[in-house]
2 protein chains.
Amino acid sequence: MTTRNNKGVLVIVSGPSGAGKSTIISRVSQLRPDIRFSVSATTRDPRPGEIDGVNYYFKTQEEFWEMIKLDAFLEHAEYVGNSYGTPAAPVDNDLAQGYNVILDIEVQGAAQVMEKRPDAVSIFLCPPSLEELERRLRGRGTDTEEKIRDRLMAAHREYSQAHKYSYIIINDDADTAVRELDAIITAERCRSKYFLEGENTL
Amino acid sequence: MTTRNNKGVLVIVSGPSGAGKSTIISRVSQLRPDIRFSVSATTRDPRPGEIDGVNYYFKTQEEFWEMIKLDAFLEHAEYVGNSYGTPAAPVDNDLAQGYNVILDIEVQGAAQVMEKRPDAVSIFLCPPSLEELERRLRGRGTDTEEKIRDRLMAAHREYSQAHKYSYIIINDDADTAVRELDAIITAERCRSKYFLEGENTL
């Protein structure tokens, strides 16, 4: 009865660019050795220094299409003429070993994963407001005015999907956001569905 | 959009006597000032030192029956000739003020609350095994042999209900159990249903 099956939790994290997703995820993964990240497959050419299986799984168009036909992706999409996807097998392998796998993924890909894996835990991470997002994007000083406007419009579209996620984390204060993401993973691992009924354990 | 409505979470905690519930709940409430406990109503006589509204709401049989008819209880039960119940109004008042309310309650009462409040978060807290529970009950040195056997049989019955709870916490190590209960409350407060959609906030 009271034995956990030791399966990991699949965690989807989405949110507007500039919400601080990478920072929060990276800080939580430093706290928790039980976290792994998925590696995407892509048809684009490797850039200098990129390693197959580490940065991406590099695939030909034919290989990618074969994987789609085999339903081997949790989600896939086109972006500027190239295909990107999340292969299911390595994710499932990590989950079976007890690792919690984080997918840092945009809202359309997230919707595909939620459909395929209703058990996945979905988290929308966002800044307190669009005004604050704009302030942060300008603060980075890396984007042109046009790029900032694009990102804000994309954020506006993404916000409208926030309620499809199980959880919302408002990244107002980074320490709080880190604590909340960590707590969600800890809590989800306590879900009763992960516990086995067995005559010997009770 | 990204404003939390500040409503608290109703947390049901059940588990066998000897599982360490009181200790874990008390330690978590020391960590979190946002926790309150419900006060039960009862028809039994006050014992010396007990204060109405603090230890219990002391009610006559008639008053108690009126409350049942008004559907004023989240749950109620008979125990050794007296009635006990959890009045809904003070709980709702605390929740509306943003407090998380913990109901430390046995499995039958918990089932009533889950039915009335599908939004309640239910947690089953248990020792790693019946053998360990037996060891702990004997270790306390407070119960007769017969009493211990009664408690173990009750625990066995309760265990069979564990899967009706959203979460299971195995109190193997108290620090871990405290961390898990704390995490579940933090996580549940991040549920997207608690966030308001508003044109001004986004």
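What comes next is a walk through the structure. Please read these numbers as outputs of a predicted model, since none were measured by experiment.

## A few points about the overall build of chain A
In terms of regular secondary structure, chain A is built from seven helices and eleven strands. For chain A, the C-alpha radius of gyration of 18 Å lies close to 17 Å, the compact-globule estimate for 202 residues. In terms of overall dimensions, chain A has a C-alpha envelope of 65 × 45 × 30 Å along the principal axes. Relative to its 202 residues, chain A shows a buried fraction of 46%. Averaged over its 25 positive side-chain charges, chain A has a centre that lies 2 Å from the centre of its 32 negative ones.

## Brief notes about the relation of the copies chain A and chain B
Overlay of chain A on chain B (RMSD 0.0 Å): rotation 180°, translation along the axis 0.0 Å. In short, the pair behaves as if placed about a two-fold rotation axis. In terms of C-alpha distance to the rotation axis, chain A has A183(A) as its closest residue, with the C-alpha 2.2 Å off the axis. A shared binding surface is used by both copies, with 100% of the interface residues of chain A retained as interface residues in chain B.

## A look at the sheet that holds strand 4 (residues 41–42) of chain A
All names here are of chain A. Within the open sheet, the four strands sit side by side as 5-4-7-6. Their pairing is mixed. Of all the strands in the sheet, just strand 5 (57–58) and strand 6 (73–79) have a single pairing partner and so form its edges. Direction of pairing for strand 6 relative to strand 7 (residues 82–87): antiparallel, over a ladder of six bridges. Opposite E75, over in strand 7, you have T86 as the bridge partner. Relative to strand 7, helix 3 (residues 88–96) is tilted by about 25°, and along the sheet it contacts strand 5, strand 6 and strand 7.

## Points about the interface of chain A and chain B
Interface size is commonly expressed as the accessible surface area that is lost when the partners come together. Each partner contributes residues to the interface: chain A has 30 residues there, and chain B has 31 residues. Carbon and sulfur atoms make up 66% of the area that chain A and chain B hide from each other, which totals about 2,700 Å². For the pair chain A and chain B, the number of links is two salt bridges. E188(A) is paired through a salt bridge with R191(B); the nearest N and O atoms lie 3.8 Å apart. Remark: the boundary between chain A and chain B carries ten residue pairs in polar contact (both at pLDDT 80 or more). Secondary structure elements with two or more residues in the side of chain A that touches chain B: helix 6 (145–159), strand 10 (167–170) and helix 7 (174–189) of chain A. Among the elements that make up the side of chain A that touches chain B, the one with the highest residue count is helix 7 of chain A (seven residues).

## As for the environment of I105(B)
Residues and elements named next belong to chain B. As for its position among the elements, I105 is in the loop between strand 8 (100–104) and helix 4 (107–116). The class for I105 is buried, based on a relative accessible area of 7%. Between the C-alpha atom of I105 and that of V91, which follows or precedes it by 14 residues, the distance is 14 Å. Setting aside its immediate chain neighbours within four residues, I105 contacts I12, V13, S14, E75, T86, A110 and V113.

## So, the sheet that holds strand 7 (residues 82–87) of chain B
Residues and elements named next belong to chain B. Reading across from one edge, 5-4-7-6 is the order of the four strands in this open sheet, with mixed pairing throughout. Every interior strand has two partners, whereas the edge strands, strand 5 (56–58) and strand 6 (73–79), have only one. When the angles between neighbouring strand axes are averaged without regard to direction, this sheet yields 25°. Most of the contacts of helix 3 (residues 88–96) go to strand 7, to which it runs at about 25°, and overall it touches strand 5, strand 6 and strand 7.

## As for the pairing of strand 2 (residues 10–14) of chain A
Residues and elements named next belong to chain A. Taking burial as the measure, the five residues of strand 2 include five buried ones, the bulk of the element. Here strand 2 runs beside strand 8 (residues 100–104); their pairing, made up of four bridges, is parallel. In the sheet register, V11 faces strand 8, and the bridge partner there is I102. Pairing geometry for strand 2 and strand 9 (residues 121–126), over four bridges, is parallel.

Cut-offs applied
Residues numbered from 1 in each chain as written. Chains lettered and ligands numbered in written order. Predicted model: local features only at pLDDT ≥ 70, side-chain atom pairs only at ≥ 80, totals over all residues. Heavy atoms only, no water. Helix = DSSP H or I, 4+ residues; strand = E, 2+ residues; numbered from the N terminus. Rg over C-alpha atoms; globule rule 2.2 N^0.38 Å. Buried < 20%, exposed > 50% of the residue type's maximum accessible area, 1.4 Å probe, protein only. Lys, Arg positive; Asp, Glu negative; His and termini not counted. Charge placed at Lys NZ, Arg CZ, Asp CG, Glu CD. Least-squares fit on C-alpha atoms with pLDDT ≥ 70 in both. Contact = heavy atoms within 4.5 Å. Pairing = 2+ DSSP bridges. Axes fitted to C-alpha atoms, helices over the stretch in contact; angles between N-to-C directions. Buried area = accessible area lost by both parts, 1.4 Å probe. Salt bridge = Lys/Arg side-chain N within 4 Å of Asp/Glu carboxyl O. Polar contact = N/O pair within 3.5 Å; in protein donor to acceptor, adjacent residues only side chain to side chain.

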